[in-house]
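Residues per chain, in single letters:
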Amino acid sequence: MDGPAAAQAEDAFRLIYAEAFAEPPYHETEDDVAAAFRRFPSMTRKRTVRAALARTEDGEPVGMAYGYPLGADAEWWDRLTEPVPDDVRREDGRRTFGFMELAVRGPWRARGVARRLHEAVLDGIEAERVLLNVHPAAEAAQAAYRTWGYRKIGEARPWEGADLHDVMLLGLHQ
């Protein structure tokens, strides 16, 4: 999906997000979900956003993923607890794809849905690498990302008041 298509499916994205991130270790509340989705409209207006939504045969939303290439002024690197070298943090709007969210509702987990969503969003991108944050206590997500080739490069608080998250990087086209 591009941004306008994702914007039209906002209710499905919100449903999946709210259900998946209400669980431990996130414990997100309705207020947290509302805060996250206040940013959704501006994100879907980015011409470079890529998104994917998984549904059952009867249309029930089961999983979602979205992200976009990091701009030259990306703040992602500034949130790391330990700085990384300038050659790692250099961005130009094409070098790094930032995975913002990837979530699957409980009953559909461990069926390959997350992997297919991940692959769908990244299919055909020209970025050198993919960057994401993951809660260190999200064991299943951590294991999946490592299996897919991600490696931890640091820790960060992705937003004010957030728990410390692992920052993971995946090299592409190597």
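Read on for an overview of the structure.

About the cut-offs
- Residues numbered from 1 in each chain as written.
- Predicted model: local features only at pLDDT ≥ 70, side-chain atom pairs only at ≥ 80, totals over all residues.
- Heavy atoms only, no water.
- Core = buried A, V, L, I, M, F, W, Y, C linked by side-chain atoms within 4.5 Å.
- Buried < 20%, exposed > 50% of the residue type's maximum accessible area, 1.4 Å probe, protein only.
- Helix = DSSP H or I, 4+ residues; strand = E, 2+ residues; numbered from the N terminus.
- Contact = heavy atoms within 4.5 Å.
- Pairing = 2+ DSSP bridges.
- Axes fitted to C-alpha atoms, helices over the stretch in contact; angles between N-to-C directions.
- Salt bridge = Lys/Arg side-chain N within 4 Å of Asp/Glu carboxyl O.
- Phe/Tyr/Trp six-rings, centres within 6.5 Å; stacked < 30°, edge-to-face > 60°.
- Expected span 1.5 Å × (residues − 1).
- Arc of directions from axis to C-beta.

## Quick notes on the nonpolar core
One broad rule of soluble globular proteins: the nonpolar side chains tend to lie buried together.
Line of reasoning, step 1. Among the nonpolar cores identified, the biggest contains 25 residues, and Phe-97, Phe-99, Leu-117, Val-130, Tyr-145 and Tyr-150 are the most heavily contacted of them.
Line of reasoning, step 2. For this core, the elements supplying multiple residues, two or more each, are strand S1 (50–55), strand S2 (61–69), strand S3 (96–104), helix H6 (113–122), strand S4 (129–134) and strand S6 (165–171).
Line of reasoning, step 3. Setting aside residues up to four positions removed in sequence, Phe-97 forms contacts with Arg-50, Gly-67, Tyr-68, Pro-69, Val-121, Leu-122, Ile-125, Ala-127, Arg-129, Val-130 and Leu-131.
Line of reasoning, step 4. In terms of nonpolar packing, the next biggest core, distinct from the first, is built from 20 residues, Ala-12, Val-33, Met-43 and Val-49 among them.

## Focus on the sheet that holds S6
Line of reasoning, step 1. If you walk across this open sheet you meet the 6 strands as S1-S2-S3-S4-S6-S5, and the pairing is mixed. The open sheet has two free edges, formed respectively by S1 and strand S5 (151–156), since each of these has just one partner strand. On average, each strand axis in the sheet is tilted by 25 degrees relative to the strand beside it, whichever way the strands run.
Line of reasoning, step 2. With 5 bridges joining them, S5 and S6 adopt antiparallel strand pairing. Along S6, the bridge assignment pairs Lys-152 with Met-168.
Line of reasoning, step 3. Of the strands in this sheet, S1, S2, S3, S4 and S6 are in contact with H6, which crosses S3 at around 150 degrees.

## Quick notes on the pattern of salt bridges
In a structure, side chains of opposite charge can pair up when their charged atoms sit close to one another.
Line of reasoning, step 1. Enumeration according to the criterion identifies 12 salt bridges in this entry.
Line of reasoning, step 2. A salt bridge links Asp-92 to Arg-94; the nearest nitrogen and oxygen atoms lie 3.9 Å apart.
Line of reasoning, step 3. Since its relative accessible area comes to 34%, Asp-92 is described here as partly exposed.
Line of reasoning, step 4. Across the salt bridge formed by Glu-155 and Lys-152, the nearest N and O atoms sit 3.1 Å from each other.
Line of reasoning, step 5. Exposure remark for Glu-155: the relative accessible area of 29% places this residue in the partly exposed category.
Line of reasoning, step 6. Residues joined by salt bridges that share partners form a network here, namely Glu-19, Glu-60 and Arg-105.

## Let's talk about the packing of aromatic side chains
Line of reasoning, step 1. With the rule as written, the count across this model stands at 10 aromatic pairs.
Line of reasoning, step 2. Here Phe-40 and Tyr-66 contribute two aromatic rings whose centre-to-centre distance is 5.4 Å and whose plane-to-plane angle is 80 degrees, an arrangement assigned as edge-to-face. Of this pair, Phe-40 sits in helix H4 (residues 40–44) while Tyr-66 sits in strand S2, and the two are 26 residues apart along the sequence.
Line of reasoning, step 3. For Tyr-66, a relative accessible area of 7% corresponds to the buried category.

## Looking at helix H2 (residues 10–22)
Line of reasoning, step 1. Under the 1.5 Å per step criterion, the end-to-end length of H2 is 18 Å for 13 residues, consistent within 8% with the ideal 18 Å.
Line of reasoning, step 2. Those residues of H2 that sit buried are Glu-10, Ala-12, Phe-13, Ile-16, Tyr-17, Ala-20 and Phe-21. Axial view of H2: buried residues confined to an arc of 160 degrees, hence all on one face.
Line of reasoning, step 3. Along its buried surface, H2 packs onto helix H1 (3–8), helix H3 (30–38), H4, S1, S2 and S3.

Keep in mind these values describe shape, not function.
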